Amino acid sequence: MSDRIHTLSGYFHEYQKSVTEPEQFWARVADSFHWKKRWDKVLEWDFEGPDVKWFVNGKLNITENILERHLFIMGDRPAIIWEPNDPEEEGRTLTYKQLYHAVCQFSNALKSKGIGKGDKVIIYMPMVPEAAVAMLACARIGAVHSVVFAGFSSNALSDRINDCEAKAVLTSDGNFRGSKKIAVKAVVDEALEKTSTVESVIVYQRTKQEVTMKEGRDYWWHDVIDGQPDTNEAEVMDSEDMLFILYTSGSTGKPKGVVHTTGGYMVYTKYSFENVFQYSPGDVYWCTADIGWITGHSYIVYGPLLAGATSIMFEGVPTYPDAGRFWAVVDKYQVNQFYTAPTAIRALEAHGTGPIEPYKLDSLKVLGSVGEPINEEAWHWYHTHIGKNRCPIVDTWWQTETGGIMVSPLAGVTPTKPAYATLPLPGVQLAIVDPEGKVLKGNSVEGNLCIKFPWPGMIRTTYGDHERCKQTYFSTYKGMYFTGDGVKRDHDGYYRILGRVDDVINVSGHRMGTAEVENAINEHPKVIESAVVGYPHEVKGQGIYAYVICDMKNRTEENLKGEIKDTISKIIGPIAKPDKIQIVPGLPKTRSGKIMRRILRKVAEGSMDNMGDTSTLLDPGVVEEIIKGRVE
Ligand code: ATP
Ligand code: MG
């Protein structure tokens, strides 16, 4: 049974129901899952604690809803299609039946190593199907997984191991990424020198590079599964048992260990997946995220597999062996729904349309975007050159903490508007508040984005530090979840995310979202990407400092800066003209592609001595280059 909404009036109808009768609404959605014992009560909540429980006393195992549930009718349908880094290497397909056996077998292996319900397991693996198998195997036996992006340093890894007191680490020997072969196990070895809780390390062989294996602690994946039965009974879990811990990307500070629980997360990820992407049985869906991000959790693994979808998992990078790789993969598997990040779109846009030309892309029905506001220019490029003006773009706003997509068009149902995430999903009750906490009613308003009612996929706590959860999300505005993002509701009631509230710039009393200013800068044809921050200014309170990546062909720095200022004046007005523009070779980004504006703010202010937590930075070298070219 599917809860898919098909029309705009259907959406408004469902949305209304979800607000007036939220418990009945979510009970109906939850009824289509397999529960070992039905819940006693749909919802108990208090945002003061915070203390939120969905499907109270319900018993289930999320993997039964992915595996057993799909086994008999569609066991031979592909669950995961894996495309390796090197296009010459053969890909792999795991049907639902094969996935079932792989998960059972590996979960039996985990049990044989003494890992069970409640134990924390770190997954530090490349994008191979076994990474998804590892997540599901943990869920099957009630162990709590915490996936750490396999490109993170040993320090970032040991911090996370220590924070959640992990008992095991699942990893690989190495990782292929573009033209590089990266040591993975060696990083784990280094991390483990600074930790004391890990009893076993299981190593999947991917690159066959040399590794050191510590006797009594380290085991090969193929050895531990050898001889293990490929069936088992899934552990009985409570709705509110922890499913996983995932650390946020760290754009704004030290990463937070976001805790998601079983029942609500399951219901919300499947529901949002089916509705946003309008997935129909038989479609091939591809999300290019890494499983180390929430997007990979909710929309490569859990959401699609709960829906019985075929989900592509891609090991490589968008520009290897060339900038046409994404499109080659789309044609190869006849992808219907394609979901990526603005940072990838802009990077590919910089290569021009040449790399797209050899491909048809005629299987595509829906395009998605996630991670940061997608600027209009990139939106149009994506729409025109990839979607051929025929595929709706779903600009999905959400966070690690929300578990699933919160504000987004439903593909083909909600009329889109470039740079707008449009409307909330059913069950999502947004509020725009001013800095004093007053809720702003009506349209054409702008302020801080809050959520005033629980939704099933929401964060329950930050691991080991409930107070931090309360302080970060539930204390700024009493009785509401505060997202940290700024937002505008326009005259049509459509939502546009303006960037982080902390990044809002106040020039002579005019408040401006970083996303809006960057959006204007990016309209200049020579601009590839930009980031703006405020800095203290004697006269205006704050001045605007813009960091811009440009194509410098046929331009001097001086004319380019002048043209950029003119572009902004035209689009927003002279008030938004940057006081300083620095042409940079790159921007400091998190591993998930988000700009770390806090670093840029420090450079703009001239306080370069303490940069804060930079463990999730993609390329620390960029920061030095930026400091060198700083505009006084
Ligand atoms: P930290 O909380 O540690 O600073 P983070 O916020 O970058 O890290 P994520 O949970 O991965 O970690 O990112 C969520 C944020 O990404 C949102 O709060 C928002 O700022 C931004 N974001 C995601 N999708 C969109 C989108 N479609 N439009 C605008 N902003 C988006
Ligand atoms: Mg955040």
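Sequence positions are assigned chain by chain, starting from 1 and proceeding in written order. For this description, chains carry letters from A and ligands carry numbers from 1, given in the order in which they are written. This being a predicted model, a pLDDT of at least 70 is required before a residue's local features are given, and a value of 80 or more before pairs of side-chain atoms are given or counted; all residues contribute to the totals for chains, interfaces and linings. As a convention, hydrogens and water are excluded, and side-chain values are obtained from all of the structure's heavy atoms.

In the nomenclature of an unreviewed UniProt entry, the protein is known as Acetate--CoA ligase of Echinicola arenosa.

Turning to the state of the cysteines, a few remarks are in order. Every disulfide links exactly two cysteines, by a covalent bond between their sulfur atoms. Pairs of cysteine sulfur atoms within 2.5 Å are what we label disulfides. Across all of its chains, the model carries 0 disulfides by this definition. Lacking any disulfide linkage, C138 is separated from the closest cysteine sulfur, that of C164, by 11 Å. Partly exposed residues are those whose accessible area sits between 20% and 50% of the maximum for their type, while under 20% is buried and over 50% is exposed, using a 1.4 Å probe and protein chains only. With a relative accessible area of 0%, C138 lands in the buried category.

Bringing the sheet that holds strand β16 (residues 284-287) into the picture now. A pair of strands counts as paired when DSSP detects no fewer than two bridges linking them. Comment: elements are numbered from the N terminus, with helices defined as DSSP H or I runs of at least four residues and strands as E runs of at least two. Read from one edge to the other, the open sheet built from 7 strands follows the order β5-β4-β17-β16-β18-β19-β20, with strand pairing classed as mixed. Unpaired on one side and paired on the other, β5 (92-95) and β20 (393-396) mark the two borders of the sheet. Sheet twist, expressed as the mean angle between neighbouring strand axes with direction ignored, is 20°. Where helix α5 (residues 129-141) meets the sheet, it contacts β4 (78-83), β5 and β17 (310-314), and its direction lies at approximately 25° from that of β5. Working rule for contacts: check all heavy atoms of both residues, and any pair within 4.5 Å makes them a contact. Inter-axis angles, ranging from 0 to 180 degrees, are taken between N-to-C directions of lines fitted to C-alpha atoms, where helices are fitted over the stretch in contact. Set on the sheet, helix α10 (residues 294-306) makes contact with β4, β16, β17, β18 (337-340) and β19 (366-370); between it and β16 the angle comes to about 165°.

Before going further, it helps to examine the nonpolar core. For the purposes of this section, nonpolar cores are sets of buried Ala, Val, Leu, Ile, Met, Phe, Trp, Tyr and Cys residues that join through side-chain atoms within 4.5 Å. Grouped together as the largest cluster of nonpolar side chains are 122 residues, with contacts concentrated most on W26, L99, F106, F277 and Y302. Here this core takes 10 residues from α5, the largest share from any one element. Excluding residues that lie within four positions of it along the chain, F277 makes contacts with S272, Y285, Y299, Q337, Y339, V366, V394, I405 and A411. Counting residues in hydrophobic clusters, the runner-up holds 28 residues, among them V330, A378, W381 and I393.

Quick look at the UniProt feature "domain: AMP-binding enzyme C-terminal" (unreviewed entry) in the protein now. The feature "domain: AMP-binding enzyme C-terminal" (unreviewed entry), as annotated in UniProt, sits at residues 516-594 in this numbering. A distance of 16 Å separates the end C-alpha atoms of residues 516-594, which is 27% helix and 32% strand. UniProt positions are given in the numbering used here, feature names are shortened, and annotations may be inferred rather than shown by experiment.

All right, on to the pattern of salt bridges then. A pair is scored as a salt bridge if a Lys or Arg side-chain nitrogen falls within 4 Å of a carboxyl oxygen belonging to Asp or Glu. On inspection of all chains with the given rule, the structure shows 39 salt bridges. Of the charged contacts in the structure, one is a salt bridge between R92 and E130, with a shortest N-O distance of 2.7 Å. Of this pair, R92 sits in strand β5 while E130 sits in helix α5, and the two are 38 residues apart along the sequence. Taking the relative accessible area as the measure of exposure, R92 reaches 29% and is therefore partly exposed.

The criterion for a residue being near a molecule or strand is simple. One of its heavy atoms has to lie within 4 Å of it. Residues in close proximity to ligand 1 total 20 residues, the closest being T248, S249, S251, T252 and T400. One nitrogen or oxygen atom from the side chain of K256 is found 3.2 Å from an oxygen atom belonging to ligand 1. Separating a nitrogen atom of ligand 1 from a side-chain N or O atom of D395 is a distance of 2.8 Å. What qualifies as a polar contact is a pair of N or O atoms within 3.5 Å, subject to a donor-acceptor requirement within protein and to the restriction that residues adjacent in sequence count only when both atoms come from side chains.

Glancing now at the side chain of E401. Locating E401 in the fold gives a position in the loop between β20 and β21 (430-433). Two residue types count as positive, namely Lys and Arg, and two as negative, namely Asp and Glu; His and chain ends fall outside the count. Of the buried charged residues, E401 lacks a salt bridge, with K256 as the closest side chain of opposite charge at 4.7 Å. Leave out the neighbours within four places in its chain, and E401 touches T248, K256, V258, H260, W455, G457, M458, I459, Y473 and Y481.

Let's shift gears to the pairing of strand β15 (residues 257-261). Across the 5 residues that make up β15, a large majority, 5, are buried. Neither face of β15 is open: one carries G257, V259 and T261, the other V258 and H260, and all of them are buried. As paired strands, strand β14 (residues 242-247) and β15 are joined by 5 bridges and run antiparallel to one another. The residue of β15 that forms the bridge with L246 is V258. Summarising the sheet, β15 and strand β23 (residues 461-462) pair through 2 bridges and their orientation is antiparallel. Bridging from a neighbouring strand, V258 pairs with T462 of β23.

Here the UniProt-annotated "domain: Acetyl-coenzyme A synthetase N-terminal" (unreviewed entry) positions come out as residues 11-65. What you have in residues 11-65 is 35% helix and 25% strand, and the ends, taken at the C-alpha atoms, are 26 Å apart.

We now examine unusual backbone geometry. Looking along the chain, the bond that leaves G49 and enters P50 is cis, with omega of -10°. On the secondary structure map, P50 appears in the loop between β1 (41-46) and β2 (51-56). For the peptide bond that leads from Y320 to P321, omega is -5°, which places it in the cis range. Phi angles above zero are rare outside glycine, and K388 is one such case at about 50°.

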